[in-house]
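Observations on the model geometry
This is what each chain is made of:
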Amino acid sequence: MDLVTVKGLSKRYGGIVALSEATFSARAGEVHALLGENGAGKSTFIQILSGAVQHDGGSIMVDGQEYRPANPDAAQARGIAAVFQELSLIPDLSVEQNIWFRHEPRTLLRTVNRGEMRRKTLALLEKYNFPALRPDQELRRLTLAERQIVEIAKGLAKDPRILILDEATSALPAREAEWLLKLTRQLAAEGRLVIFISHRMAEVRAIADRLTIFRNGSTVAAHEADAVSDNEIVTQMIGRRLDRLYPERVPTATDRIALGVKGFSSGSRLSGVDFALREGEVLGVGGLQGHGQRELFQSLFGATRASGTIELWGNQVSISNPRQALTGKDGIALVPEDRRGQGLLLTKSVRENLTLSVIKRFTENGLLSRQKEAALVKEMVDFLRIKAGTPEQLAGTLSGGNQQKVIFGKMLLTQARVLLLYDPTRGVDVGTKREIFQLMRDLAAKGYAILFHSSDMPELVHVADRVLVMRNGRIAATLEGDHISEEEILRAAMLETKAA
Amino acid sequence: MEMAQRPAETKLTKPAIDWRGRLLDRAPFLVACLMLALIIGIYGGLQSGVFSLDELNLDTAAAMTLMLAATGQTIVLVRGGIDLSIGGMISLGTVIAATRFTDNPSTTALWALVILALGFLIGALNGLLISLLKLQPFLVTLATWSILNGVAMIILPTDGGSVPGWWVGFASAQLIGLTSPVWMLLALLLFWWWFRATRVGIAIQATGSNEKSAFLSGVSIARVNLVTYGLSGLFAAGAALFLVTQTGTGSPTIGKDYILPSVAAAVIGGVSLFGGRGHLAGTLIGAFVLTLIGNLVFVLHVSSYWQPVASGVILLLSVLASSVAEKAARNRVQ
Ligand SMILES: Nc1ncnc2c1ncn2[C@@H]1O[C@H](COP(=O)(O)OP(=O)(O)OP(=O)(O)O)[C@@H](O)[C@H]1O
Ligand SMILES: [Mg+2]
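What chain B contains, in helices and strands, is 14 helices and two strands. Since a compact globule built from 334 residues should have a radius of gyration of about 20 Å, the 22 Å found for chain B is in line with a globular shape. Dimensions along the principal axes, computed over C-alpha positions, put chain B at roughly 80 × 50 × 35 Å. The proportion of buried residues among the 334 residues of chain B is 50%. A total accessible area of about 15600 Å² is found for chain B, and carbon and sulfur atoms account for 70% of it. Placing the 18 positive and 13 negative side-chain charges of chain B at their respective mean positions leaves the two points 12 Å apart.

This is the structure:
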């Protein structure tokens, strides 16, 4: 019998329809993938299931009983826990306090029993073979990937019958993502239902027993996973056929060096990085996570301090803050990793997010030209197919993937010609991914220089002209032409450096 | 069944403790301690007998009203809010005490309880209004401050009334050489040590740290507000009851002198105005700093108007210290 049955589920936000008449059913002991474009309603669906928002219409049955949680507590009481896309962690609490938040083991004095909490934390981390975490570390000191892992631990700490993972792999590096996939199978084997949301087809393929496809807030299909092809799934997701994910790689690099970096060092994370990014080139940056990729991108953009020299279009420049990086016509722009923390103003509209940093471009004689602004915003929204009710919708209420598109658009509107793309397709649906890759190639052909990091290794392999592999804060290898493959990247990332 | 394997590159060995990070986190508190030491040092150099139990007893009594008010304020600040209404509550408390307390201990005790209960209820009302109307705490408590002030004026238009001598005597009662204010100070610290480790205490801190996350984790924000502002009102009422042991009378306007100093004491002690971070120990040190500055100005024989000037400078210095530390810490994590 089905553990969860959903019928006619609807949810509106003002004029925006997030879900309309969605159906869904899943059994205990299975991994059930939920697929759909950005803004299809996946997160809204799981927010309703986990009590974070309430639906307007339709019914949910859990275990054959009516289910309508008024808040996350009520959902947890019925054994439903969610690992949220936007994470539900508290920056000022420690890792273990976050994991057990509101369910802390207590002493006779009603205070937190720290010893017991530590013991339970270690037992939990051990039981599911979690990657290394320091239980006493404050959360705000952790990287995004580490936070994602804490969020997973927090979900599991409730020993739920239904665990919902909303794009939980998207913030994880390859190895941790692989661990999570195995963990997901293990949880299903324990008899739990895991509802799994991801934009990575390979992952869904690897673990899902069944899948449900959403489009525009409605369910378009449900399948047994092995009875349907990738192509059919993608076609149902986006409502049209998609021939190939990766655009053709036509080399457009010139000899002109756009960004020359020498002896770049920052603390213990970056030690002597040298490379040259050419005009018209897409240069990939790979390697195991935590080997200096983030620091490299952050410090090239001036967000973290570093030493060494940078030459921008042949001139030596010093970049000590993002303002300097963006200055001038041919500066440096960054798509950051932590979009909610660094990239977006969540309480500002889509329009404002796109144009705030380039407001000068719509000013004539000191006056703002609203028309000009509106035209550019419309162009960008259409171009990236940002799914927003109007350009005035608050960025914080967009779906995760659409938020990422806004950041991308914001960067494109600056007149920078050196683009630092740190995981630009994280949380982005296949159709849009394809567009972003095409866009990267088009920009390169126009003479932009692109430094590109992805947590999804095949993207590096298929999109970049060359790949720098980082290890211990250095460039361990530079792969070109036929040498660019997942195996080569991994080898260079893990083995002692040998001449490439 | 396939077991999830730990990612090969990661090890379960403990990384080294980040001492510098920890130090930076505590920088504002350490700066406050340093300031206090400095002030005591100067004060001790100018005046004899500063390093004695008597002095401790005296200064703690002088600081205790502020300490009580600032304890409530600290809870509110950690929640990410602010409570201006404590000014009105303190005034109201003193006028009720000065007009209702009698020589009969049981009548007086009853009215003291009434004042405390009133403090909690009015505070809880603040919390309720903030949640229900989704209004800024600043605005809501500004309004209740004005209302409470008015009520205090209606009860007792000018300073006056009195409290019984035995109530005044409470502040100088001694146990093993320490007066009751010193014991209260210890009790406050004990309370905090307990409170911040309870689920409610953690939920308040978490809500101040990130309200959306707290909500998603199942915290009832309305309940958190109720308890937070309720406690703040309760401590303000306690401050009023203590204050009358020092003044002996009621005053419908005296409370306003504690509103901003209660925030200043907390900020000097390293409590963040943005919520989520801070400890009572810091606040109490801040209250001592603000009180001793008054003593210092007195023994320096300069105009007493230098006291607010010095307090302001100290406030600026500590805000500066915490922002420098914060920046350094942020540069390290990225
Ligand atoms: N609070 C809100 N206010 C207004 N609109 C909202 C709100 N929350 C979601 N929406 C809208 O509802 C639609 C569905 O969003 P949802 O987050 O469920 O998409 P999703 O399938 O999870 O997409 P993604 O893959 O990008 O995460 C979107 O168009 C979004 O803009
Ligand atoms: Mg989503």
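With that settled, the discussion passes to the side chain of Ser94(A). As for its placement among the helices and strands, Ser94(A) is situated in the loop between strand 6 (80–83) and helix 3 (95–99). When near neighbours in sequence (up to four residues on either side) are disregarded, Ser94(A) contacts Pro135(A), Asp136(A), Gln137(A), Glu138(A) and Leu139(A).

Quick look at the environment of Val151(B) now. As for its position among the elements, Val151(B) is in helix 6 (residues 137–155). Separated by 19 residues in sequence, Val151(B) and Phe170(B) place their C-alpha atoms 27 Å apart.

Attention now goes to the packing of helix 8 (residues 180–195) of chain B against helix 11 (residues 221–247) of chain B. All names here are of chain B. At a closest axis distance of 14 Å, the pairing of helix 8 and helix 11 adopts a crossing angle of 175°. Our classification of the angle between helix 8 and helix 11 gives roughly antiparallel. Where helix 8 abuts helix 11, its residues Pro181, Met184, Leu188, Phe191 and Phe195 lie against Leu231, Phe235 and Phe242. Looking at side-chain class alone, the contact of helix 8 with helix 11 contains eight nonpolar, no polar and no charged residues.

Residue and element names in this part refer to chain A. Throughout the structure, instances matching the rule amount to 34 salt bridges over all chains. Residues Glu30 and Arg210 are paired through a salt bridge, measuring 3.0 Å at the closest nitrogen-oxygen approach. With Glu30 in the loop between strand 2 (16–27) and strand 3 (31–36) and Arg210 in strand 9 (residues 210–215), the pair connects residues that are 180 residues apart, well separated along the chain. Neither residue differs from the other here; Glu30 and Arg210 are each classed as buried. With a shortest N-O distance of 2.8 Å, Arg269 and Glu295 are connected by a salt bridge.

Below, the discussion takes up the site of ligand 1. Residues and elements named next belong to chain A. In the region of ligand 1, 21 residues are neighbours, and Gly39, Lys42, Ser43, Thr44 and Gly401 sit closest. Here an oxygen atom of ligand 1 sits 3.4 Å away from a polar atom, N or O, in the side chain of Glu167. If you list the elements that add at least two residues to the shell around ligand 1, you get strand 2, helix 1 (42–49) and helix 14 (400–413). Across the shell around ligand 1, the residue classes break down as five nonpolar, twelve polar and four charged. Looking at the shell around ligand 1, you find at least three residues from each of domain 1 (4–238) and domain 2 (257–494).

Turning our attention to the sheet that holds strand 12 (residues 270–278) of chain A. Residue and element names in this part refer to chain A. Spatial strand order, 12-11-14-15: four strands in an open sheet with antiparallel pairing. Strands with a single pairing partner mark the edges of an open sheet, and in this sheet they are strand 12 and strand 15 (315–317). Strand-to-strand twist in this sheet, taken as the mean axis angle between neighbours without regard to direction, amounts to 15°. Note that strand 11 (residues 257–266) and strand 12 share six bridges and pair antiparallel. Of the residues in strand 12, the one forming a bridge with Ser266 is Leu270. Here helix 9 (residues 293–300) sits on the sheet in contact with strand 11, strand 12 and strand 14 (307–312), set at roughly 65° to strand 12.

Here the distance between the centres and the angle between the planes together describe a pair of aromatic rings. Residue and element names in this part refer to chain B. One pass over the full model with this rule turns up eleven aromatic pairs over all chains. Plain terms: the ring middles of Trp194 and Phe195 are 6.5 Å apart, the flat faces sit at 45° to each other, and that makes the pair tilted. In this structure Phe195 comes out as buried when scored by relative accessible area, which is 6%. In textbook terms, an aromatic cluster arises when at least three aromatic residues are bridged by ring pairs, as seen for Phe191, Trp194, Phe195 and Phe235.

Membership of the largest hydrophobic core comes to 131 residues, with the highest contact counts inside it found for Phe130(A), Ile152(A), Leu156(A), Leu211(A) and Met67(B). Look past the residues within four positions of Leu156(A) in its chain and what remains in contact with it is Leu124(A), Tyr128(A), Phe130(A), Leu163(A), Leu183(A) and Leu187(A). Among the nonpolar cores identified, the runner-up in size contains 50 residues, and Tyr246(A), Leu344(A), Ile407(A) and Leu419(A) belong to it.

Attention shifts here to the environment of Ser266(A). All names here are of chain A. Here Ser266 shows up in strand 11. A sequence separation of 33 residues divides Ser266 from Ser299, and the C-alpha atoms of the two residues are 8.0 Å apart. When neighbours within four sequence positions are excluded, Ser266 is seen to be in contact with Thr304, Arg305 and Ala306. A polar atom in the side chain of Ser266 sits 3.0 Å from the backbone oxygen of Arg305.

The subject of this paragraph is helix 2 (residues 27–46) of chain B. A rise of 1.5 Å per residue sets the reference length of helix 2 of chain B, with its 20 residues, at 28 Å; its end C-alpha atoms lie 29 Å apart and thus fit the reference within 8%. Residues Ala27(B), Pro28(B), Ala32(B), Met35(B), Leu36(B), Ile39(B), Tyr43(B) and Gly44(B) constitute the buried set of helix 2 of chain B.

The next point concerns the domain arrangement of chain A. Residue and element names in this part refer to chain A. Each domain of chain A was delimited in the assignment, giving domain 1 (4–238) and domain 2 (257–494). Taking the mean C-alpha position of each, domain 1 and domain 2 sit 29 Å from one another. Each side of the interface is counted separately: domain 1 has 22 residues, and domain 2 has 26 residues. On the domain 1 side of the interface with domain 2, the three residues burying the most area are Asn38, Leu144 and Arg175, jointly 28% of the side's total. Scanning the region where domain 1 abuts domain 2 turns up zero salt bridges. The tally of links from domain 1 across to domain 2 stands at six residue pairs in polar contact (both at pLDDT 80 or more). Mapped by element, the contributors of at least two residues to the side of domain 1 that touches domain 2 are helix 5 (144–157), helix 6 (174–189) and helix 8 (230–238). Residue classes in the side of domain 1 that touches domain 2 are distributed as nine nonpolar, eight polar and five charged.

Right, let's talk about the confidence of the model for chain B for a bit. All names here are of chain B. The pLDDT averaged across chain B works out to 90; a share of 93% of its residues lies at or above 70. Every residue in residues 8–13 scores below 50 in pLDDT, and together they form twelve contacts with partners more than four places removed in sequence or on other chains. Across the predicted assembly, pTM comes out at 0.81 and ipTM at 0.87.

With that settled, consider helix 4 (residues 86–100) of chain B. Between the first and last C-alpha of helix 4 of chain B there are 21 Å, a value that for 15 residues agrees with the 21 Å anticipated at 1.5 Å per step. Summarising burial for helix 4 of chain B: 13 of the 15 residues are buried, a large majority.

How each quantity is defined
Throughout this description, residue numbers start from 1 for each chain and increase along the sequence as written. Think of it this way: whatever chain is written first is A, whatever ligand is written first is 1, and the rest follow in order. The predicted origin of the model limits local features to residues at a pLDDT of at least 70 and limits the giving and counting of side-chain atom pairs to 80 or more, whereas totals for whole chains, interfaces and linings rest on all residues. In computing side-chain properties, one takes all heavy atoms of the structure into account and sets aside hydrogens as well as water. Strands are runs of DSSP state E lasting at least two residues, helices are runs of H or I lasting at least four, and both sets are numbered from the N terminus onward. The atom set for the radius of gyration is the C-alpha atoms, and the globule formula is 2.2 Å times the number of residues raised to the power 0.38. When accessible area is computed with a 1.4 Å probe and restricted to protein chains, residues below 20% of their type maximum are described as buried, those above 50% as exposed, and intermediate ones as partly exposed. Only the protein chains shown count as covering a residue, and every accessible area follows the Shrake-Rupley method with a 1.4 Å probe. Two residue types count as positive, namely Lys and Arg, and two as negative, namely Asp and Glu; His and chain ends fall outside the count. Charged side chains are reduced to one point each, which is NZ for Lys, CZ for Arg, CG for Asp and CD for Glu. Throughout, a residue-residue contact means that at least one pair of heavy atoms, one from each residue, lies within 4.5 Å. The convention used is that axes are lines fitted to C-alpha atoms, helices contributing only their stretch in contact, and that angles between N-to-C directions extend from 0 to 180 degrees. Angle categories: roughly parallel below 35 degrees, roughly antiparallel above 145, roughly perpendicular from 65 to 115, and oblique for all the rest. Amino acid classes used here: Ala, Val, Leu, Ile, Met, Phe, Trp, Tyr, Cys and Pro are nonpolar; Asp, Glu, Lys and Arg are charged; the rest, including Gly, are polar. In the sections that follow, a salt bridge refers to a side-chain nitrogen of Lys or Arg positioned within 4 Å of a carboxyl oxygen of Asp or Glu. For this description, a residue counts as near a given molecule or strand if any of its non-hydrogen atoms is within 4 Å of it. Any pair of nitrogen or oxygen atoms within 3.5 Å is treated as a polar contact; in protein, a donor-acceptor pairing is required on top of that, and neighbouring residues in sequence qualify only through side-chain atoms on both sides. Throughout the structure description, domain borders are defined by an automatic or database domain assignment. Here, a strand pair is defined by DSSP locating no fewer than two bridges between the strands. Any pair of Phe, Tyr and Trp rings, taking the six-membered ring for Trp, is counted once the centres come within 6.5 Å. Such a pair is stacked with planes under 30 degrees apart, edge-to-face with planes over 60 apart, and tilted for the rest. To form a nonpolar core, buried Ala, Val, Leu, Ile, Met, Phe, Trp, Tyr and Cys residues must be joined to one another through side-chain atoms within 4.5 Å. Every helix has an expected span of 1.5 Å times one less than the residues it contains. Buried area is calculated as the accessible area (1.4 Å probe) missing from two parts once they are joined, with the contributions of both summed. Values of pLDDT, the confidence the predictor places in each residue, fall between 0 and 100.

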